[in-house]
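# Descriptive structure summary
What follows is the residue order along each chain.
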Amino acid sequence: MPRVILHVDMDAFFASIEQRDHPAYRRKPLIVGAPPDQRGVVCAASYEARQFKVRSAMPSRTAARLCPHGIFVRPRMEAYRAESAILMQILRDVSPLLEKVSVDEAYLDVSANLEHAAEAVALAKQIKARISGQRSLTASIGIASNKFLAKLGSDFQKPDGLTLIAERDKIAFLRPLSVSSIHGVGPVTAQSLREHGIITIGDLQDAGIDLLPLVGSFAATLKERAFGVDDRPVDPSEERKSISAETTFLEDTDDRATLRGALKELAEDVAQTLARHAVGALTVQVKVRYSDFTTLTRQIRLEEPVTTDREIYRMACYLLARHRLVTGPLRLIGIGVST
């Protein structure tokens with residue numbers, strides 16, 4: 001029997017916890033993040049708020065403009081981490097082969113739990129029922145033979161979804177999807193592919209051109225994903241992947257144009273590395289070192305991953321301004337992200 005992988009993804013996790021814990025917020029457009037009258041960003045949004053195109057990493061002022069009746073609440077990260085620990089234990093009760101991707105999503109290899117792949121749907125329904133019954137939250141689950149397809153499945157019918165992508169159906173399932181559905185294909189890569197007539201995964205399946213000039217070393221992985229191939233195992237080590245880049249100035253500086261230019265280059269470096277590894281970043285951190293070698297770091301945690309250099313740059317600028325880190329000439333500046 002082929003591998004059976006589940007991807008369990010909580011629905012609007014931060015916002016759903018707030019709506020569960022505060023009945024007055026239920027069925028209302030809830031935005032978790034800084035209030036709109038302060039410099040800040042959206043960490044998460046309820047599905048009611050998402051209908052107004054509010055999303056993670058958006059400036060709070062923009063969110064308020066898009067959703068005038070939105071309710072803003074500050075994030076309670078300790079509460080979300082505590083809830084995550086309970087949910088992960090529920091999943092470990094199903095299988096010890098669990099790879100925690102973030103506070104609200106995980107892969108489970110349940111191959112050993114089943115005699116027939118068809119039993120996976122019943123197992124997924126049991127998991128959803130337990131999460132709903134014990135935690136009053138909903139989860140979407142994708143079932144497939146590998147992590148890539150399982151992730152696509154969990155996204156397919158959100159919220160409270162359950163999607164099985166059978167091995168025999170995977171190529172047909174993938175054909176109509178946008179190439180940007182493949183993790184690691186950000187706006188720049190998607191635009192490059194689009195210019196060569198590759199818009200859907202079906203176009204990618206049919207492509208006879210050499211993709212290397214378009215996407216570099218990502219080409220082989222991209223072609224495999226187009227046909228639903230992904231050999232990555234579920235890794236229970238829970239090692240968080242981190243990526244960083246930093247630059248030391250020849251002369252200490254607090255010149256805003258110089259700092260912005262450095263941040264843009266660092267954001268591009270980090271985004272390119274994320275793309276090569278086909279991952280997104282849920283935590284963005286900035287690092288500064290002053291003339292006296294004092295070093296400070298500040299970070300923000302998001303519910304939905306950022307992948308582009310523009311998003312990473314914006315988060316870095318926000319952190320610098322929010323924490324007033326440029327109080328004098330800087331010797332070094334850096335950006336770090338983690339998945």
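Now for a look at the structure at hand. Residue numbers run consecutively from 1 along every chain, following the written order of its sequence. Given that this is a predicted model, residues contribute local features only at a pLDDT of at least 70 and side-chain atom pairs are listed and counted only at 80 or more, while totals for whole chains, interfaces and linings are drawn from all residues. The basis for every side-chain value is the complete set of heavy atoms in the structure, and neither hydrogens nor water enter the calculation.

## Some thoughts on the nonpolar core
We apply this condition: Take the buried Ala, Val, Leu, Ile, Met, Phe, Trp, Tyr and Cys residues and link them wherever side-chain atoms come within 4.5 Å; each set so joined is a nonpolar core. Exposed residues in this analysis have more than 50% of their type's maximum accessible area, buried residues have under 20%, and partly exposed residues fall in between, with area computed by a 1.4 Å probe over protein chains only. Pairs of residues are marked as contacts when any of their non-hydrogen atoms sit within 4.5 Å.
Within the largest apolar cluster, 36 residues are counted, with the highest numbers of intra-cluster contacts made by Ile300, Ile312 and Ile333. Non-local contacts of Ile312, meaning those with residues more than four positions away in its chain, are made with Ala267, Val270, Ala271, Leu274, Val284, Val306, Thr307, Ile335 and Val337. Counting 35 residues, the second-largest nonpolar core is a separate cluster that includes Val4, Val8, Phe13 and Leu137.

## What about the state of the cysteines?
In protein structure, a disulfide is the covalent linkage between the sulfur atoms of two cysteines. The criterion, for reference: In this description, a disulfide is simply a cysteine sulfur pair whose atoms lie within 2.5 Å.
All told, the structure shown has zero disulfides when counted by the stated rule. The structure places no disulfide on Cys67, whose sulfur is separated from the nearest cysteine sulfur, that of Cys43, by 16 Å. Take Cys67: its relative accessible area is 2%, and that puts it in the buried class. With no disulfide of its own, Cys317 lies closest to Cys43 among cysteine sulfurs, the gap being 17 Å. Among the residues examined, Cys317 registers a relative accessible area of 25% and is labelled partly exposed.

## Brief notes about the sheet that holds strand β3 (residues 42-45)
As a reminder of what qualifies: DSSP calls a pair of strands paired once it identifies at least 2 bridges connecting them. Here a strand is any run of E in DSSP of at least two residues, a helix any run of H or I of at least four, and the numbering for each starts at the N terminus. Axis definition: a line fitted to C-alpha atoms, limited for helices to the stretch in contact. Angles are taken between N-to-C directions and run from 0 to 180 degrees.
Taking strand neighbours across the sheet as the criterion, the three strands line up as β3-β2-β4 in an open arrangement whose pairing is mixed. Looking at strand neighbours, the two that pair on one side only are β3 and β4 (71-73), the edges of this open sheet. Taken pair by pair, the neighbouring strands of this sheet meet at an average axis angle of 30°, ignoring direction. Sheet analysis places strand β2 (residues 30-33) next to β4, joined by three bridges and oriented parallel. Bridged to Ile31 within β4 is Phe72.

## Side note on the packing of aromatic side chains
Filter applied, for reference: Two rings from Phe, Tyr or Trp (for Trp, the six-membered ring) form a pair when their centres are within 6.5 Å of each other. A pair whose planes differ by under 30 degrees is stacked, one over 60 is edge-to-face, and the rest are tilted. Two thresholds decide whether a charge sits over a ring: the Lys NZ or Arg CZ must be within 6 Å of the ring centre and within 35 degrees of the ring normal.
Evaluation of the coordinates by the stated rule reveals three aromatic pairs. Aromatic pair Phe13 and Phe14: ring centres 6.2 Å apart, planes at 50°, arrangement tilted. Accessibility assignment for this pair places Phe13 and Phe14 in one class, buried. Ring geometry for Phe14 versus Tyr80: centroids 4.3 Å apart, planes at 10°, classification stacked. Here the residue Phe14 occupies a position in helix α1 (residues 13-21), and Tyr80 occupies one in helix α4 (residues 77-92), the gap between them amounting to 66 residues. Grouping residues by exposure puts Phe14 and Tyr80 together as buried. An aromatic cluster is built from Phe13, Phe14 and Tyr80, whose rings are joined through pairwise contacts. Geometry around Tyr47 places Arg50 over its ring, the cationic atom sitting 4.5 Å from the centre. The positively charged end of Lys147 is found above the aromatic ring belonging to Tyr107, 5.1 Å away from the centroid.

## Points about α1
Helical geometry: 3.6 residues make up each α-helical turn, so side chains three or four residues apart lie on a common side. The buried count for α1 comes to eight of nine residues, which makes it a mostly enclosed element. The set of residues buried in α1 consists of Phe13, Phe14, Ala15, Ser16, Ile17, Glu18, Gln19 and Arg20.

## Digging into empty space enclosed by the protein
Applicable threshold: In the cavity and pocket records, a cavity denotes points on a 1 Å grid over the protein atoms alone where a 1.4 Å probe fits but cannot get out, a pocket denotes an open set with protein on both sides within 12 Å along at least 5 of 7 lines, and lining residues are residues with an atom within 4 Å of a point. Grid points are joined across faces, edges and corners, and a volume is the space filled by probe spheres set on the points. Polarity classes work like this: nonpolar for Ala, Val, Leu, Ile, Met, Phe, Trp, Tyr, Cys and Pro, charged for Asp, Glu, Lys and Arg, and polar for all others, with Gly in that last group.
For the structure shown, the criterion picks out one cavity of 30 Å³ or more. When its volume is computed, the largest cavity comes out at roughly 50 Å³. Considering the residues around the largest cavity, the lining is formed by Val8, Met10, Leu87, Met88, Leu91, Val103, Asp104, Glu105, Ala106 and Ile131. Every element with two or more residues in the lining of the largest cavity is listed here: β1 (5-10), α4 and β6 (105-109). If one sorts the elements of the lining of the largest cavity by residue count, α4 sits on top with three residues. Grouping the amino acids of the lining of the largest cavity by side-chain chemistry returns eight nonpolar, no polar and two charged.

## Notes on the sheet that holds strand β9 (residues 242-253)
The strands that make up a sheet are held in pairs by hydrogen bonds between backbone atoms, and each pair lies either parallel or antiparallel. Strand order in the open sheet formed by four strands is β9-β12-β10-β11, and the pairing between neighbours is antiparallel. With partners counted over all chains shown, the strands left at the sheet margins are β9 and β11 (295-306), one partner each. For this sheet, the mean inter-axis angle between neighbouring strands, taken without regard to orientation, is 15°. In this structure, strand β10 (residues 281-290) lies alongside strand β12 (residues 330-338), joined through eight bridges in antiparallel fashion. Among the inter-strand pairings, Val286 is bridged to a residue of β12, identified as Ile335. The sheet strands contacting helix α13 (residues 309-322) are β10, β11 and β12, and the helix crosses β10 at an angle near 50°.

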